[in-house]
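# Structural characterization, general
Listed below, chain by chain, are the residues.
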Amino acid sequence: MTFGMTAEILARIQFAFTISFHFIFPAFSIGTASYLAVLNALWLWKRDVAYLKLFEYWKTIFAITFGMGVVSGIVMSYQFGTNWSVFSDRAGAVIGPLMGYEVLTAFFLEAGFLGIALFGRKRVGDGLHMFAVAAVAVGTLISATWITSANSWMHTPAGYGIDANGNFFPEDWWAIIFNPSFPYRMTHTILAAFLTTAFAVGAVGAWHLLRDRSNRQAQIMFSMAMWMAAIVTPMQILVGDMHGINTLEHQPAKIAAMEGHYETHTDGAPLIIFGIPDDEAEKTHFAIEIPKLGSLILTHELDGTVRGLKEWAREDRPPALIPFFTFRIMVGLGLLMFATGLWSLWARWRRNLFTNTWLHRAALVMGPSGFVAVLAGWYTTEVGRQPYTVYGLMRTADSLSPVDAPAVGASLVAFIIVYFLVFGAGVFYLLRLMRRVPVMEEDHELDKGPHRAAGITPGPAQEEPIREGHSSGN
Amino acid sequence: MAIDLPTIWAAIIAFAVLAYVVLDGFDLGVGILFPFFPQRHERDLMTNSIAPVWDGNETWLVLGGGGLMAVFPVVYATVLPALYMPIIVMLLALIFRGVAFEFRWRTQRASHYWDYGFWIGSTLAGFMQGIALGALVEGIEIADRQYVGGWWDWLSPFSILTGVAVVIGYALLGACWLNLKTLGDIQQRARRIAMITGVLMLGLIGAVSLWSPFINQVYFERWFSWPTAFFSAFVPLLLAVCAVALWHGLTTDKHLQPFLAALGLFVLSFVGLGISFYPYIVPGSLTIEEAAAPDSSLMFLLVGAAVMIPTILAYTAYAYWVFRGKMDPEEGYH
């Protein structure tokens, strides 16, 4: 089962496939965990059952997403060793501790308090339950911080030395963690996760508003989601711009690939809106260009110099086609998100946020936009990093395990079958849960679950009278 | 035995692996026992008893893997390719097992398929972990910091034996957990299963113990020569104590004692392995010293581990405390 490909290509496909599936779950659950914390806090503060109902509604969806994130994440933590053992051996002393800290400070925190957050409200009382929900949310953010730090180090390595065997060793942990691209990448990634959740929540709210515009829960989630869209999208565009400038400084070849520039422009590079980059011909075909705009965006000067791919030897260049298109998909979706946010502000001002059917349809269509944008952005940065795993220092081809192509091919096929089966079913169940109307009644057949896993007779904290709508709290 | 950073880290990694084995051991064991509890309400009770804690239990596996990459990168980079297929199969099995907790509630028509997934996933994960252990005990071929053996080296009569032993051991832990968490008919059956798997487990521990000294001369010397023979004599003695405690607890309606005794069996078997391995981390190929990352890496992560691992143990204990006591059949599904 090699499909005529080398072990290296198969291992890269396997990594891309497994991490793509993995990434969409945390991208959603990072935002959802924070959303749940906000909903629970609002319920405790205002004692409005609508917030409790929303918390319970999204909690079930979060539990499934988080579960899929956990099991697909365990795969990632072992794949470095199975498929990229030379990388693990050579860079493990630097990158391993970052992941070790992720496990120690984030994974255990999330997993330890998840049970209480999901099933424990009546056992521990409102205060400790809120603490558990917040701990899960904080855990997801800590996790995102460490893993983007590790990833950023591979893009912009710093604070390291290389010993006689060619192994990386740490010299300055502060420089390693806060490597040059880390602050930008971390902010960009976390905001992307928030936007992913915002547009998913907004789409669910819109879907239910299209059916019943008086549904209060749907109104609340739609309104909250649209505030996020209106406020966070401009922030994200700003951070994205700064991230791009940082990349131009540290990985100019990646920028050249993203922009489809083969030639260096010293008197102002055009912005190529569309084209088809061709690495063989070293030319972007059918280019539609706006003069000088490329330099203006990247260097904030009309005549700023933008280097083209021809400045690097062929074997040191990233392939241009994928970053070129995925970058445009990401930016295009970002602009659509921005437009949706503006539209919602306009609708809010005109007081038709909950009755504007066209806005609801647009928000529904935008539901998956965050997931697509996150993946597109990820492909842009990771393919643009090629042909290196540790940028400029260690090549992807030199990172591979001494594995045979058939072994990698067979495991790749197994991963593809299992992931489509399992996560396909999971996404189906998620969509079915999102289709449930967020109402006050608690007679949803599918609302049952491994709730409040039982134990001893509830203590005093759990014996307080069940509030209206509270009995569905599980 | 010098107390230096690599030794401390070997102890921490060993602790993480042991924590994983006993904690995920009992919840994988509950899955392994699914065929003996065919009723829906029984399975609901079983999965509900582990739903709040399984994720935390599995995180120790990530610490074992991630930690290994950080502090013994060459071990991570050689053992995982050597155990390529068992590891991949284990990961896929854990996927089926992990998603089943939620998925089996999200559908009525296909629920029993996810129950199959839960059972097969749990069993296969345990079996592959046992195979990995057996293959490691047999030793893996390493040259120039790379694995140089073949793709089927892990498969041998001995590794199959250890695979079976781990599945039986997990089933014992799972049965003792059910004895602890349930009452009535389920508890009765769990107790019978615990007796049978307990006897099998002791037999398998004996078989593996008698076999392994002949795999590698080092093990033989370790077990039968002074001063380590002093320790290796204690292990069987304490195993016998645990076995008696297990049997006594199961026959006299004790609820916690059998679970603790089964944990004791695992801890002692693990200590036995530790005695066999030391000072190697990959038997016969890599010692703890030569496999360690630079001290700066070990120190950096040790600071975090020294603070975080006690904290983790504290809040994990708290989570178990919150969900303590017997399962209420009325509470779990309504």
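Here we come to the overall build of chain B. The secondary structure content of chain B amounts to 14 helices and four strands. Taken over the C-alpha trace, chain B has a radius of gyration of 20 Å; the compact-globule value for 334 residues is 20 Å, and the two agree within 12%. Along the three orthogonal principal directions, the C-alpha set of chain B runs to about 60 × 40 × 40 Å. Within the span of chain B, comprising 334 residues, buried residues form 60% of the whole.

Turning our eyes to something else, we now look at the overall build of chain A. Helix and strand content of chain A: 13 helices and six strands. Computed over its C-alpha atoms, the radius of gyration of chain A comes to 24 Å, within 12% of the 23 Å expected for a compact globule of 474 residues. Viewed in the frame of its principal axes, chain A has a C-alpha envelope of about 70 × 55 × 45 Å. Taken over 474 residues, chain A has a buried fraction of 62%. Residue pairs at least 24 apart in sequence account for 77% of intrachain contacts in chain A once pairs closer than 6 positions are excluded. Put simply, chain A shows about 18,000 Å² of open surface, and 67% of that area lies on carbon and sulfur atoms. The centroid of the 33 positive side-chain charges in chain A is displaced by 11 Å from the centroid of its 37 negative side-chain charges.

Residue and element names in this part refer to chain B. A full pass over the atoms with the stated rule returns 26 salt bridges over all chains. One salt bridge in this structure joins Arg106 and Glu102, with 3.3 Å as the shortest N-O distance. Just as Arg106 is buried, Glu102 falls in that class too.

This part is about the confidence of the model for chain A. Residue and element names in this part refer to chain A. Summing up the model confidence of chain A, the mean pLDDT is 86 and the portion of residues at 70 or higher is 92%. Here helix α9 (residues 293-299) stands out as the least confident element of chain A, with mean pLDDT 83; helix α6 (residues 182-211) is the most confident, with 94. For the stretch residues 443-449, pLDDT sits under 50, and the model shows 19 contacts to residues farther than four places along the chain or on other chains. Here residues 451-474 scores under 50 on pLDDT; set against residues more than four positions off or in separate chains, the count is 67 contacts.

Here the focus is the packing of aromatic side chains. As enumerated under the stated definition, the model contains 47 aromatic pairs over all chains in all. Considering the side-chain rings of Phe113 of chain A and Tyr315 of chain B, the 5.1 Å spacing of their centres and the 40 degrees angle between planes classify their relative orientation as tilted. Separated into two different chains, Phe113 of chain A in helix α3 (residues 85-119) and Tyr315 of chain B in helix α13 (residues 295-322) make up a pair that spans both. Of the two residues, Phe113 of chain A and Tyr315 of chain B, neither departs from the other in class, the shared state being buried.

Its location among the elements puts Val408 of chain A in helix α13 (residues 405-435). Considered as a pair, Val408 of chain A and Tyr262 of chain A are 146 residues apart in the sequence and their alpha carbons are 34 Å apart. Residues contacting Val408 of chain A, with those up to four places away along its chain left out, are Ala7, Leu10, Ala11, Gln14, Asn83 and Val403 of chain A together with Tyr84 of chain B.

Right, let's get into the interface of chain B and chain A. Contacts between chain B and chain A engage 70 residues on the former and 83 residues on the latter. With both chains or domains summed, chain B and chain A bury close to 7,000 Å², and 72% of this area falls on carbon and sulfur atoms. Sorting the residues of chain B by area buried against chain A places Tyr84, Arg106 and Phe300 of chain B first, and these three jointly supply 11% of that buried surface. Our count for the contact surface shared by chain B and chain A stands at one salt bridge. At the surface where chain B touches chain A, the tally comes to 18 residue pairs in polar contact (both at pLDDT 80 or more). Listed by contribution, the elements that provide at least two residues to the side of chain B that touches chain A are α3 (54-71), α4 (73-82), α5 (84-103), β2 (146-147), α13 and α14 (329-332) of chain B. The element contributing the most residues to the side of chain B that touches chain A is α13 of chain B, with 14 residues. In terms of residue class, the side of chain B that touches chain A is made up of 45 nonpolar, 16 polar and nine charged.

Our next topic: the domain arrangement of chain A. Residues and elements named next belong to chain A. Along its sequence, chain A is organised into domain 1 (1-179 + 404-474) and domain 2 (205-398). A straight line from the C-alpha centre of domain 1 to that of domain 2 covers 25 Å. At the interface, 38 residues of domain 1 touch 29 residues of domain 2. In total, domain 1 and domain 2 occlude about 2,800 Å² of area from one another, counting both sides; carbon and sulfur atoms represent 69% of this. Linking domain 1 with domain 2 are one salt bridge, by the criterion used here. With a shortest N-O distance of 2.5 Å, Arg216 and Asp48 are connected by a salt bridge. Inspection of the domain 1/domain 2 interface yields eleven residue pairs in polar contact (both at pLDDT 80 or more). Looking at the side of domain 1 that touches domain 2, the elements with two or more residues in it are α1 (7-46), α2 (49-83), α3, α4 (121-155) and α13. Sorting elements by how many residues they give to the side of domain 1 that touches domain 2 places α1 first, with twelve residues.

All names here are of chain A. A cluster of nonpolar side chains, Trp227, Ile231, Met235, Ile237, Val331, Leu335, Phe338, Leu342 and Leu345, forms an exposed patch at the surface whose accessible area comes to about 760 Å². When residues of the nonpolar patch are traced back to their parent elements, those giving at least two are α7 (216-250) and α10 (321-349). By residue number, the principal contributor to the nonpolar patch is α10, which donates five residues.

Next up on the list: helix α10 (residues 228-251) of chain B. Residue and element names in this part refer to chain B. The end-to-end C-alpha distance of α10 is 35 Å, a good match for the 34 Å that 24 residues give at a rise of 1.5 Å each. Within α10, the full set of buried residues consists of Ala229, Ser232, Val235, Leu239, Cys242, Ala243, Leu246, Gly249 and Leu250. Elements that come into contact with the buried residues of α10 comprise α7 (157-181), α8 (184-211), α9 (217-224) and α11 (257-277). The first or second residue beyond α10 is Asp253, which carries a positive phi of 60 degrees.

A separate point is the nonpolar core. Judged by nonpolar contacts, the single largest core of 225 residues is most densely connected at Trp58, Phe87 and Phe423 of chain A together with Trp9, Phe72 and Val75 of chain B. No other element matches α2 of chain A, which puts 21 residues into this core. No fewer than three residues from each of domain 1 (1-179 + 404-474) and domain 2 (205-398) of chain A sit in this core. In this structure, Phe423 of chain A is in contact with Phe21, Phe25, Met68, Val71, Ser72 and Val418 of chain A together with Ile95 and Val99 of chain B, ignoring residues within four places of it in sequence. Ranked by size, the runner-up nonpolar core spans ten residues in total, among them Leu195, Phe199, Val232 and Leu333 of chain A.

Our next topic: the side chain of Glu56 of chain A. Residues and elements named next belong to chain A. Mapped onto the secondary structure, Glu56 falls in helix α2. Residue classification places Glu56 among the buried residues on the basis of a relative accessible area of 4%. At 3.0 Å, the side chain of Glu56 forms a polar contact with the side chain of Lys59.

In this section: the pairing of strand β3 (residues 271-278) of chain A. As paired elements, β3 of chain A and strand β4 (residues 283-290) of chain A share six bridges and run antiparallel to each other. Bridged to Leu271 of chain A within β4 of chain A is Ile290 of chain A.

With respect to the secondary-structure elements, Lys181 of chain B resides in helix α7. For Lys181 of chain B, a relative accessible area of 5% translates into the label buried.

Scanning the entire structure with this criterion turns up zero disulfides over all chains. Residue Cys176 of chain B stays outside any disulfide, its sulfur separated by 11 Å from that of Cys242 of chain B, the closest cysteine.

About the cut-offs
Residues numbered from 1 in each chain as written. Chains lettered and ligands numbered in written order. Predicted model: local features only at pLDDT ≥ 70, side-chain atom pairs only at ≥ 80, totals over all residues. Heavy atoms only, no water. Helix = DSSP H or I, 4+ residues; strand = E, 2+ residues; numbered from the N terminus. Rg over C-alpha atoms; globule rule 2.2 N^0.38 Å. Buried < 20%, exposed > 50% of the residue type's maximum accessible area, 1.4 Å probe, protein only. Contact = heavy atoms within 4.5 Å. Areas by Shrake-Rupley, 256 points an atom, 1.4 Å probe, with all protein chains shown as cover. Lys, Arg positive; Asp, Glu negative; His and termini not counted. Charge placed at Lys NZ, Arg CZ, Asp CG, Glu CD. Salt bridge = Lys/Arg side-chain N within 4 Å of Asp/Glu carboxyl O. pLDDT = per-residue confidence, 0-100. Phe/Tyr/Trp six-rings, centres within 6.5 Å; stacked < 30°, edge-to-face > 60°. Buried area = accessible area lost by both parts, 1.4 Å probe. Polar contact = N/O pair within 3.5 Å; in protein donor to acceptor, adjacent residues only side chain to side chain. Nonpolar A, V, L, I, M, F, W, Y, C, P; charged D, E, K, R; others polar. Domains from an automatic or database assignment. Patch = residues over 30% accessible without salt bridge, like charges linked within 9 Å, V, L, I, M, F, W, Y side chains within 5 Å. Expected span 1.5 Å × (residues − 1). Core = buried A, V, L, I, M, F, W, Y, C linked by side-chain atoms within 4.5 Å. Pairing = 2+ DSSP bridges. Disulfide = S-S within 2.5 Å.

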